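Letter by letter, the chains look like this.
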Amino acid sequence: ANPDPNNNGSPEDAGEDTPTTSVILSPRIGVAKSAGNAVFVSEGVYDVNYTFTVENLGNVDLENITVIDNLALTYPAPASTSIQVAPNATGTLGANAAYNGTGNNNLLTAGSTLAVGATETITMTVRVTMNGTTQTSFNNTATATGEEVGGTGTTDDTSEDGTNPDPKRAKQ
């Protein structure tokens, strides 16, 4: 490196000995999903409380956050679902009141954001009607995505079981 970039013969001029710092922006999102115990409503009908924990694990604010949860894949026919308590989101996440999990699968509204290091939650209650199915265990994952504010970077993650997003699995 040239110690006298302006070539005036004085390498001690202000700014000539100051190193240039570059910051690599790294958008990273993490999501975890937990299900409460199924609560008996009536024969073959149960309510399940879900909590989604979404965290910005990167070093840049995120916008256009989505959390996709497809209940039709989780509870295949003949089982069916209905939303008993609509999604409720904290902080800068906006809850999608029209979410139904069987076509309208995004739990969030447009404009949802997450600041660096922020963790927010989404909760909802789903009613599951068994309709004669003999299946008793249902596996479910959600997918979170986000975009770096002011940039082009994107990030996504598939949910971990529980309430702690796993930063090792969050991808750029």
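Residues numbered from 1 in each chain as written. Predicted model: local features only at pLDDT ≥ 70, side-chain atom pairs only at ≥ 80, totals over all residues. Heavy atoms only, no water.

**Here we look at the overall build of the protein**
Tallying secondary structure elements over the protein gives 1 helix and 9 strands in all. If you list the helices and strands of the protein from N to C, you get β-β-β-β-α-β-β-β-β-β. Here the protein, with 172 residues, has 39% of them falling under the buried criterion. Considering only residue pairs separated by 6 or more positions, the protein has 69% of its internal contacts joining residues 24 or more positions apart. By element, 49% of the accessible surface of the protein is carried by carbon and sulfur atoms, the whole surface being about 9200 Å². (Helix = DSSP H or I, 4+ residues; strand = E, 2+ residues; numbered from the N terminus. Buried < 20%, exposed > 50% of the residue type's maximum accessible area, 1.4 Å probe, protein only. Contact = heavy atoms within 4.5 Å. Areas by Shrake-Rupley, 256 points an atom, 1.4 Å probe, with all protein chains shown as cover.)

**Thoughts on the environment of T143**
With respect to the helices and strands, the residue T143 is situated in strand β7 (residues 143–148). Sequence separation between T143 and G30 is 113 residues, and the spatial gap between their C-alpha atoms is 9.1 Å.

**Overview of the sheet that holds strand β8 (residues 154–158)**
The strands that make up a sheet are held in pairs by hydrogen bonds between backbone atoms, and each pair lies either parallel or antiparallel. Here 3 strands make up an open sheet; going across it, the order is β4-β7-β8 and the pairing antiparallel. The open sheet has two free edges, formed respectively by β4 (62–68) and β8, since each of these has just one partner strand. Pairwise comparison of adjacent strand axes, ignoring direction, gives a mean angle of 15 degrees for this sheet. Note: β4 against β7, 5 bridges, orientation antiparallel. By the bridge assignment for β7, I68 is matched with T143. (Pairing = 2+ DSSP bridges. Axes fitted to C-alpha atoms, helices over the stretch in contact; angles between N-to-C directions.)

**Quick look at the pairing of strand β2 (residues 39–42)**
Pairing of β2 with strand β3 (residues 45–56), which is carried by 3 bridges, proceeds in the antiparallel orientation. Across the sheet, F40 pairs through a bridge with Y46, a residue of β3. Where β2 hands over to β3, the hairpin turn is made up of 2 residues, of which G44 adopts a positive phi near 75 degrees.

**Here we look at the pattern of salt bridges**
Within this structure, the stated rule accounts for 2 salt bridges. Put simply, K33 and D69 hold a salt bridge, and the shortest N to O gap is 2.9 Å. Within this pair, whereas K33 is found in strand β1 (residues 29–35), its partner D69 is found in the loop between β4 and α1 (71–74), the two being separated by 36 residues in sequence. Overall, the relative accessible area of 0% leaves D69 in the buried class. For D47, the salt bridge goes to R127, with nearest N and O atoms at 2.7 Å. (Salt bridge = Lys/Arg side-chain N within 4 Å of Asp/Glu carboxyl O.)

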